[in-house]
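The lines below spell out each chain.
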Amino acid sequence: MYRYDSYDQSIVDARVDEFRDQVQRRLAGHLTEDQFKPLRLMNGLYLQLHAYMLRVAIPYGTLSSRQMRKLGEIARKYDRGYGHFTTRTNIQYNWIKLADAPDILAELATVEMHAIQTSGNCIRNISSDQYAGVAADEVADPRPWAELLRQWSTFHPEFTYLPRKFKICVIASEDDRAAMRLHDIGLKLVKRGDAIGAEVYAGGGMGRTPMVGPQIRDFVPEDEIVSYLEACLRVYNRYGRRDNKFKARIKILVHELGVEEYKRQVEEEFAHMKTLGLNPPREELDRIRPFFAGPAYEHGLPDAIDRGDLAFALWVDRQVAAHRQPGYAIVNISLKPTGGIPGDASADQIDLIADLAEQYSLDELRVTHAQNLVLPHVRKADLHAIWRKLDEAGLAEANLDLITDIIACPGLDYCSLANARSIPLAQKLSERFASPERQKDLGELKLKISGCINACGHHHAGHIGILGVDRKGVENFQLLLGGSGAEDASLGQITGPGFSEDGVVDAIEKVTDIYLAQREQGERFLDTYRRIGMKPFKEAIYG
Amino acid sequence: MVEFLSFREGEATQEPTVTVESFTGQSNSTAVRIEAGEDARELLPYLDRLALVEVNFPAFGDGRGYSAARILREAGYVGELRAVGDVLVDQIVAMRRCGFDSFHPDKALDDDAVERALNRYADVYQKSVDGRRPVWAKRHPETVNG
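Residues numbered from 1 in each chain as written. Chains lettered and ligands numbered in written order. Predicted model: local features only at pLDDT ≥ 70, side-chain atom pairs only at ≥ 80, totals over all residues.

Of regular secondary structure, chain B possesses five helices and six strands. On C-alpha atoms alone, chain B measures out to a radius of gyration of 16 Å, which is about the 15 Å that the 2.2 N^0.38 rule sets for 146 residues. Projected onto its principal axes, the C-alpha positions of chain B cover 50 × 40 × 30 Å. Relative to its 146 residues, chain B shows a buried fraction of 38%. Residue pairs in contact within chain B that sit at least 24 positions apart in sequence constitute 55% of those at least 6 positions apart. (Helix = DSSP H or I, 4+ residues; strand = E, 2+ residues; numbered from the N terminus. Rg over C-alpha atoms; globule rule 2.2 N^0.38 Å. Buried ≥ 20, exposed ≤ 12 C-beta atoms within 10 Å, placed from the backbone. Contact = placed C-beta atoms within 7 Å.)

This part takes up the overall build of chain A. When helices and strands are counted, chain A shows 17 helices and 20 strands. Since a compact globule built from 543 residues should have a radius of gyration of about 24 Å, the 23 Å found for chain A is in line with a globular shape. Projected onto its principal axes, the C-alpha positions of chain A cover 60 × 60 × 55 Å. Counting all 543 residues of chain A, 55% fall into the buried class. A separation threshold of at least 6 residues defines the contact pool for chain A, and within that pool the share at least 24 residues apart is 67%.

Glancing now at the domain arrangement of chain A. Residues and elements named next belong to chain A. Domains assigned within chain A are domain 1 (6-109), domain 2 (133-289), domain 3 (310-392) and domain 4 (407-542). Just the C-alpha atoms count here: the centres of domain 3 and domain 4 sit 26 Å apart. Between domain 3 and domain 4, the contact holds eight residues from the first and nine residues from the second. By residue class, the composition of the side of domain 3 that touches domain 4 is four nonpolar, three polar and one charged. (Domains from an automatic or database assignment. Nonpolar A, V, L, I, M, F, W, Y, C, P; charged D, E, K, R; others polar.)

Before going further, it helps to examine the environment of B:Gly99. Residues and elements named next belong to chain B. Tracing the sequence through the fold places Gly-99 in the loop between helix H3 (92-97) and strand S6 (102-105). Spatially, the C-alpha atoms of Gly-99 and Arg-49 are 18 Å apart, while their sequence positions differ by 50 residues. When neighbours within four sequence positions are excluded, Gly-99 is seen to be in contact with Ala-69, Arg-70, Leu-72, Arg-73, Leu-81, Val-129 and Asp-130.

To continue, consider the sheet that holds strand S1 (residues 45-47) of chain A. Residues and elements named next belong to chain A. With antiparallel pairing, five strands are arranged side by side in an open sheet as S1-S2-S5-S4-S13. On the outer flanks of this sheet lie S1 and strand S13 (344-346), each paired with one strand and no other. The average angle at which neighbouring strand axes cross in this sheet is 30 degrees, direction not considered. Across three bridges, strand S4 (residues 82-85) lies against S13 in antiparallel orientation. Note on S13: the bridge partner recorded for Tyr-82 is Ser-346. Across the face of the sheet, helix H4 (residues 101-109) comes into contact with S1, strand S2 (52-56) and strand S5 (91-96) while running at roughly 15 degrees to S2. (Pairing = 2+ DSSP bridges. Axes fitted to C-alpha atoms, helices over the stretch in contact; angles between N-to-C directions.)

So, on to the interface of chain A and chain B. Facing 32 residues of chain A, the contacting portion of chain B comprises 29 residues. Elements represented by at least two residues in the side of chain A that touches chain B include exactly helix H1 (6-27), helix H2 (33-41), helix H5 (143-153), helix H6 (225-239) and helix H9 (282-288) of chain A. If you tally residues by element for the side of chain A that touches chain B, the top one is H1(A), at seven residues. The residue makeup of the side of chain A that touches chain B, split by class, is 14 nonpolar, eight polar and ten charged.

Formed by 199 residues in total, the largest nonpolar core has its most connected members in A:Cys232, A:Ile353 and B:Val53. The leading source of residues in this core is H6(A), at nine residues. If we ignore the near neighbours within four places in the chain, the residues touching B:Val53 are B:Val32, B:Ile34, B:Leu43, B:Leu72, B:Tyr77, B:Gly79 and B:Leu81. (Core = buried A, V, L, I, M, F, W, Y, C linked by C-beta atoms within 7 Å.)

Our next topic: the environment of A:Arg15. Residues and elements named next belong to chain A. Among the structural elements, Arg-15 can be located in helix H1. On a C-alpha basis, the gap between Arg-15 and Ile-116 in space is 8.0 Å, while along the polypeptide they are 101 residues apart. In contact with Arg-15, other than residues within four places in its own chain, are His-114 and Ile-116.

So, about the UniProt feature "domain: Nitrite/sulphite reductase 4Fe-4S" (unreviewed entry) in chain A. Those residues carrying the UniProt feature "domain: Nitrite/sulphite reductase 4Fe-4S" (unreviewed entry) are residues 119-272 and 403-541 of chain A in this numbering. Annotated as residues 403-541 of chain A, this span is 36% helix and 17% strand, and its ends, taken at the C-alpha atoms, are 18 Å apart. (UniProt positions renumbered as here; feature names shortened; annotations may be inferred.)

For the rest of this paragraph, the subject is the sheet that holds strand S2 (residues 18-19) of chain B. Residue and element names in this part refer to chain B. The strand order across the open sheet built from six strands is S1-S6-S5-S4-S3-S2, with neighbouring strands paired in mixed fashion. Bordering the open sheet on either side are strand S1 (5-6) and S2, each of which pairs with just one other strand. The pairing of S2 with strand S3 (residues 31-34) spans two bridges and is parallel. Across the sheet, the residue bridging to Thr-19 is Arg-33, located in S3.

On to the pairing of strand S7 (residues 168-171) of chain A, then. Across a regular strand the side chains alternate sides, sitting on one face of the sheet and then on the other. All names here are of chain A. By the alternation rule, side chains of S7 split into Ile-168 and Val-170 and Cys-169 and Ile-171, which are all buried. For strand S6 (residues 127-128) and S7, the ladder comprises two bridges, and the chain directions are parallel. Along S7, the bridge assignment pairs Ser-128 with Val-170. Handedness of the crossover joining S6 and S7 through H5 is recorded here as left-handed. (Right-handed = clockwise from strand over helix to strand, strands pointing away.)

Our next topic: unusual backbone geometry. Residues and elements named next belong to chain A. Despite not being glycine, Tyr-60 has its phi angle at roughly 40 degrees, a positive value. The backbone of His-458 sits at a positive phi, close to 55 degrees, despite the residue not being glycine. Take His-458: it is sitting in the loop between strand S17 (447-450) and strand S18 (464-471).

All names here are of chain A. Running from N to C, H6 and helix H8 (residues 259-273) cross one another at 130 degrees; their axes reach a closest spacing of 8 Å. Relative to H8, H6 is oriented oblique. H8 is crossed by H6, and the crossing has right-handed handedness. Where H6 approaches H8, its residues Ser-227, Tyr-228, Glu-230, Ala-231, Cys-232, Arg-234 and Val-235 are matched on the opposing element by Tyr-262, Gln-265, Val-266, Glu-269, Phe-270 and Met-273. (Parallel < 35°, antiparallel > 145°, perpendicular 65-115°, else oblique. Left-handed = near helix turned anticlockwise from the far one by under 90°.)

Here is the structure:
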């Protein structure tokens, strides 16, 4: 875990002071809501349908148990006892009072957390792989670079009023667990000989014009990543469209210029940037890296797991992933119970998971973009004890990557942008497909729901995606098939006319029936769809 | 309230500005105004004879002027660099970091708020054109000069 030094702490403390000043000016009437809006939006405070919503940054999805406990405390003290983990691996509180916001930030600062740049047209929280540091196939732990970029992007003077928000992701494995190519810029660390560098992808994203980001460079040396990103961002800041909010993301610029022309402009700017001494020295990366070095693992631990308890064995098969250290495992905690709200956790659940992380996971946990949590360093011998405690707290659902492991945005229940309610639909779907046997039979099937075209619920990247729209004042749900946010990234295609809430649940059932009837040995839903195409599914749904 | 803010020694340049187009034409002017979307690099051949570059911010959220300013400073421009238009107190710090050294906002600024903003952050994370040492340089004084 990265720990702040006095510089990091003083910057975050100063931000608390600044925001307190801004809120006081607003409460005293010196700022109108119009003037205050851009200021609060720089700090993750949204005015939603019923209250203020505060989005707290969880950089690259990594938390200590102390930080997690603080998140639970805030949920209890300032919210209604809940927090909502998001697809950006952040946490949102939906019932915040404006006057409390500065105090919440002050409390967060005591555990080295903040809400800086969790909204606004700036560089957002840097995302990464939830298995960083424990995945067997990674080139290096990507988080030291993510932390370097967190610092570089914090209050960047040139890139705080970009045409639109800007999301950067850093991964280091062939398996993409972070939807890297659906980011404005995706970095994949690779090795060339002994040297580490990054493949760079630009112009990916979801929203109303989804794009899978094309590669713009096959290798940026690790010591030049900052200056290369400065070049990418400067070209975007100068030439990205500002005439139309819906065409302002970098994907549109890359698309309109063409990849080759965008690359050429970036290379020209990069050649200039390299002369300016913008890159932190290697010593800075060397300073950060040990914070993420593997914790003190025990050696000689047993690898065997006692599978005598059937329910436990089912949970192990679904929720536990291979750790690169013998005797250890990665535990995925589902925040998708049957009938629940995807990504929600109560303050008590947050506390429990903090305790589990402290006692069993070397004090560390992760948030995933699929709105689940991870205990990354668990002794296999402790798995049964953990499972029992999770089960008592309603957190032992065994549905990782199955049809009920649904990603959903907050939708019209909370969000002022939404056209439709995502949460009740997610609840209905998880109830319809609740049977564990049925889910297991359907296998890996990523279902993602967005309540409007902004695509916070990643519907374009769902094996099955749902987009809620408003049709003449009535909620209507479009169905998409064939998307993926993983290393085989692709965008889902719309099946045809939309459905009512119940209608879309029925349509998905028909889609899964076609898959079961047509699949070949070993095929996931996505594989079958790619092989047989849209037609048979369409016939089943509309025929 | 303050209508004009300068961080330069001596008097501010009084000369009226001309457009980039007329400046790069046949003008003898020493003061030019860049509109959002105009390419600051067109001025690079003439930096020696410029005393004032005004950069207009048509709306506070239009951040193109930050790049324009930094480009001019990176190229060695030492004359007055003035932010005009929809310039708010909460943007002064970032603008200073990008090389602006005078400000003529559409709406006057509160002196106290400006003072507080300028003194709030003792440290910065990035190297820019304002000469401030980034945190990484302070952390590694032996390897990073200047």
